[in-house]
Structure formats: structure tokens, C-alpha cells
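The residues making up each chain are set out below.
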Amino acid sequence: MIAAPQAAGLAALALGTTYWTFMSPQSQILGYYPYHGAGHGRAVALSFDDGPNEPYTTQLADFLADQQIRATFFQVGSCVEKFPDTSRRLIAYGHEIGNHSYSHQFHRCWIDSTMQTEIDRTQQILSDTTGIIPTLYRPPWLLRTRPLFRSLSERGLQPISGEFCHPLEPFQPAAAFIAKRVLSTVRPGKIIIFHDGFDARGGNRANTVEAVKIVVRSLRESGYTFATVSELLAADVTAPSKSQMR
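Residues numbered from 1 in each chain as written. Predicted model: local features only at pLDDT ≥ 70, side-chain atom pairs only at ≥ 80, totals over all residues. Heavy atoms only, no water.

Asks: Which parts of the structure should I look at to understand the overall build of the protein chain?
Replies: Along its length, the protein chain carries 10 helices and 8 strands. For the protein chain, the proportion of its 246 residues judged to be buried stands at 52%. In the protein chain, the proportion of contacts linking residues at least 24 apart, taken out of those at least 6 apart, comes to 77%. Of the roughly 11100 Å² of accessible surface on the protein chain, a fraction of 57% belongs to carbon and sulfur atoms. (Helix = DSSP H or I, 4+ residues; strand = E, 2+ residues; numbered from the N terminus. Buried < 20%, exposed > 50% of the residue type's maximum accessible area, 1.4 Å probe, protein only. Contact = heavy atoms within 4.5 Å. Areas by Shrake-Rupley, 256 points an atom, 1.4 Å probe, with all protein chains shown as cover.)

Asks: It is not clear to me how helix α8 (residues 206-221) should be interpreted in this structure. Could you clarify?
Replies: Along an α-helix, a turn takes 3.6 residues, which lines up residues three or four apart on a common side. Taking 1.5 Å of rise per residue, the 16 residues of α8 would be expected to cover 22 Å, and the 23 Å separating its terminal C-alpha atoms lies within 8% of that figure. Where α8 is concerned, the buried positions are Thr208, Val209, Ala211, Val212, Val215, Val216 and Leu219. The buried residues of α8 all sit within an arc of 160° when viewed along its axis, so they share a single face. Just beyond α8, the residue with positive phi is glycine 223, at close to 90°. (Expected span 1.5 Å × (residues − 1). Arc of directions from axis to C-beta.)

Asks: Is there a simple way to think about the pattern of salt bridges in this case?
Replies: Think of it this way: side chains of opposite charge can pair up when their charged atoms draw near. One pass over the full model with this rule turns up 9 salt bridges. Two residues, aspartate 49 and arginine 138, come together in a salt bridge whose shortest N-O distance is 2.7 Å. Residue aspartate 49 is located in strand β1 (residues 43-51), and its partner arginine 138 is located in the loop between β4 (136-137) and α6 (146-154); the two are separated by 89 residues in the primary sequence. Since its relative accessible area comes to 3%, aspartate 49 is described here as buried. (Salt bridge = Lys/Arg side-chain N within 4 Å of Asp/Glu carboxyl O.)

Asks: Help me understand the nonpolar core in this model?
Replies: When a protein is soluble and globular, its nonpolar side chains tend to lie buried together. Counting 33 residues, the largest nonpolar core has Leu46, Phe48, Leu64 and Phe194 as its most contacted members. Looking at this core, the elements that each hand over two or more residues are β1, α2 (56-66), α5 (112-130), α7 (175-185), β7 (191-195) and α8. Here this core gets 6 residues from one element, more than from any other, and that element is α8. Setting aside residues no more than four positions away along its own chain, leucine 46 makes contact with Leu64, Ile69, Ala71, Thr72, Ile192, Phe194, Val216, Phe226 and Ala227. Counting residues in each nonpolar core, the second largest holds 9 residues, with Ala43, Ala45, Phe74 and Ile191 among its members. (Core = buried A, V, L, I, M, F, W, Y, C linked by side-chain atoms within 4.5 Å.)

Asks: Would you mind going over a nonpolar patch on the surface with me for this structure?
Replies: A surface patch of nonpolar side chains, amounting to about 320 Å² of accessible area, comprises Tyr19, Trp20 and Ile29. Looking at the secondary structure, you find tyrosine 19 in helix α1 (residues 4-22). (Patch = residues over 30% accessible without salt bridge, like charges linked within 9 Å, V, L, I, M, F, W, Y side chains within 5 Å.)

This is the structure we're talking about:
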């Protein structure tokens, strides 16, 4: 019989291994899942998940435009349906848009057929809304399975990971608290994940907006530059627009 402390240790090991394999930012066990780029000097990529979500996505877009920074927004299909003009504005500003599922529901991430539906539906929504067909995909919670990599490959989509700006950022701690963690862990080539929405439900992202402002100004003072995810990975990941494909 396994003693209670030993059983607890084995359970913790199994849980840790499961998390590392399926949800950690860095694991490459199931397939190539880039979470950083070469850095190209001192470049980093700002990325945003779970939007669009107003007024916060537009506040971020306006600030980044003022700073002449292009970022990458991984968008939820149902949110794009709610704020189509916001997605179009991001494209007009020169930002990249990636696919972040349609409903952002945890249980749908585990079943290949439902994830295929989520991916395809969002690809169509983004194409119809912006005229751009994304080729970047970031799964909700970074959760991936082996069939997901196969499905993405069949669709010409590159899975993208990254590193969360702060594990508590979705719950909106103080902006300075979020920014301090980013600035203490930043390094050239990092893909930083912020959230301009919350799951597919919107929510107040005011502290994220302010944290991004602190991070951008501080990194600029330290000699950092900013790139889109595709630029950081040295790949052209945006497919031609519909007009170009005709």
C-alpha cells in the first residue's frame, strides 16, 4: 500500500506533468509552440488575448498608434461579432490579428472536432469582418492537444504561445503590480501576453491598459523596441486579403 505522503507526492507529480504538457507556455512536447523569438537586438512582442472588448481594446490601439507600435491581437470570434469595427480599426492601424477560438470555453478545447469548429468559425468571421485571413492561432489558456497541432497544420495555422505578463492580470490587480512583473522578467525576444478581454465576457481592463503604458515607456527608456509576433519569429504570417486572392 502506498503511504499517504507518497500518494500525495505522486498525485502532485502527475498534476505537474499534465499541466506542463498541455498548458505551460514553454512545453514543446506535443509540437512546435513558439513562446519567444530571436529578439533582433532588444525587441519584444506585445500580444493581447480575449478581445475585442470595448472601450479597452480601442484605448490600447490608440496608445500603441501614438507610440508607433504594432502589436498582435488574438481575438475571440464571438467578441469580433460584437465589436466588428474594433477589429477593422486594428487592421487599419497595422496590427496583426490572430484566431483565439470562437467561444473561449475550456471544455471545448479538449475535443478535436469542437475545436475545429471553433477555429473555422472564427477564421470565417475574421475574414468577413476585416478582409484578412489570419494564420496565427493561440488556444485559450494555451491549452493544446496533439490533434490540435494536426488540425492547425491542415489549415495553415501556426500555434503561438507566449508568457503571461502576470498570472493575476486577468483579475486586474494594480497596474504598477502588473508592470513590475513584466519589467522584472523581460528579455529580448519575449512574447508578452496581456488580456484586453476576459474569456469571451468582456470585463474591465483599465489596469491592463495602464500597465501597458508603464511597460512601453519603461522598456523604451531601456532601449527595447517592439515587433509583432510574426516579425519576432521572422515569418510572414498574414495571408493575402480577399481582394488579393481574386
